[in-house]
Amino acid sequence: MSAKFDFHFESKEHRRPLPPKLIIGPQEGEPLTNILLIVLSYVILDRERLQIRTNLHNDSITFVPDIVQLDYELRVRLWVEVGPCSITKLDKLAVKVPEAEIWIVRTSVTDCEDLLRGMRKHGLRTGRYHLLCFSTEMLEEMLALLKPRNHFVLYHCQSDPPSLQFELNGIWFDTEYAQFDH
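Notes on the structure in this doc start here.

**Brief notes about the side chain of Asp-6**
Locating Asp-6 in the fold gives a position in strand β1 (residues 5-11). Classification of Asp-6 as buried rests on a relative accessible area of 5%.

What follows is the structure, given as structure tokens:
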């Protein structure tokens, strides 16, 4: 596969304009499913000034978020972790980015439920974390369509109830996703 993936966006939902293009390069050893999770998270958690895998150049925050939103004073307002991450890292994030919404994105409801159990077991702060997950089958179908250059058309996205309608490279997807809070 390619060293990077281009996603040309088109939004048919007027309330949710998307940037014309997003380029994502997988990190060494990273599953390509994470690239799809970043794209889906980017669309669902849409806000101004979203950045992908940006080094924050902050000595107290050594982690690099998969998606981040900074305010005009460069404070983290949104932090998104895609794929597996440790409970220890999540616990540290709650302290290091106290004003941020923290989202963890996983490939399935089972992954999210396992993570929630681990978070409760280790006593992570409640009210700090949001989890987002998708259908494993849908992600596998999307993975088969993934190319170095991709066309993503958004038709509908809402959070209550969570649903998403889009095309990836000409194939229609009408899906629900799950959200959990901790």
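**Describing the side chain of Arg-106**
For Arg-106, the position within the fold is in strand β6 (residues 101-106). Within the structure, the side chain of Arg-106 is placed 3.3 Å from the backbone oxygen of Gly-83, a separation counted as a polar contact. Setting aside anything within four residues of it in sequence, one finds Arg-106 in contact with Leu-37, Gly-83, Pro-84, Cys-85, Asp-111, Cys-112, Leu-115, Leu-132, Cys-133 and Phe-134.

**With respect to the sheet that holds strand β10 (residues 171-176)**
If you trace the five strands from one edge of the open sheet to the other, you get β2-β1-β8-β9-β10, paired in mixed fashion. Only two strands of the sheet have a single neighbouring strand rather than two, namely β2 (21-24) and β10. Neighbouring strand axes in the sheet, compared pairwise and without regard to direction, differ in orientation by 25° on average. By the bridge criterion, six bridges tie strand β9 (residues 162-168) to β10 in an arrangement that is antiparallel. Note on β10: the bridge partner recorded for Gln-165 is Asp-174.

**Points about the pattern of salt bridges**
For the coordinates displayed, the defined rule picks out 17 salt bridges. The partner of Glu-30 in a salt bridge is Arg-53, and the shortest N-O contact between them spans 2.3 Å. Linking Glu-30 in the loop between β2 and α1 (33-44) with Arg-53 in the loop between β3 (50-52) and β4 (67-70), this pair joins segments that are 23 residues apart in sequence. No difference in accessibility class separates Glu-30 from Arg-53, as the two residues are buried. Glu-81 is paired through a salt bridge with Lys-89; the nearest N and O atoms lie 3.0 Å apart. Classification of Glu-81 by relative accessible area gives buried; the value is 3%. By sharing partners, the salt bridges in this structure join Asp-71, Glu-73, Arg-75, Arg-77 and Glu-99 into a single network.

**Quick word on the environment of His-151**
With respect to the element layout, His-151 can be found in strand β8 (residues 149-159). In contact with His-151, other than residues within four places in its own chain, are His-8, Glu-10, Glu-167, Leu-168 and Asn-169. At 3.2 Å, the side chain of His-151 and the side chain of Glu-10 are in polar contact.

**Points about the sheet that holds strand β7 (residues 129-133)**
The sheet built from six strands is open, its strands ordered β3-β4-β5-β6-β7-β11 with mixed pairing. Each having just a single partner strand, β3 and β11 (178-181) make up the two edges of the open sheet. The average undirected angle you get between the axes of adjacent strands in this sheet is 20°. Alignment of β4 against strand β5 (residues 76-82), held across four bridges, turns out to be antiparallel. Its bridge partner being in β5, Gln-69 is matched across the sheet by Leu-78. Packing against the sheet, α1 makes contact with β3, β4, β5, β6 and β7, and its axis sits at approximately 150° to β5.

Reading the values: the criteria
Residues numbered from 1 in each chain as written. Predicted model: local features only at pLDDT ≥ 70, side-chain atom pairs only at ≥ 80, totals over all residues. Heavy atoms only, no water. Helix = DSSP H or I, 4+ residues; strand = E, 2+ residues; numbered from the N terminus. Buried < 20%, exposed > 50% of the residue type's maximum accessible area, 1.4 Å probe, protein only. Polar contact = N/O pair within 3.5 Å; in protein donor to acceptor, adjacent residues only side chain to side chain. Contact = heavy atoms within 4.5 Å. Pairing = 2+ DSSP bridges. Axes fitted to C-alpha atoms, helices over the stretch in contact; angles between N-to-C directions. Salt bridge = Lys/Arg side-chain N within 4 Å of Asp/Glu carboxyl O.

Purely geometric stuff here, so don't read any function into it on its own.
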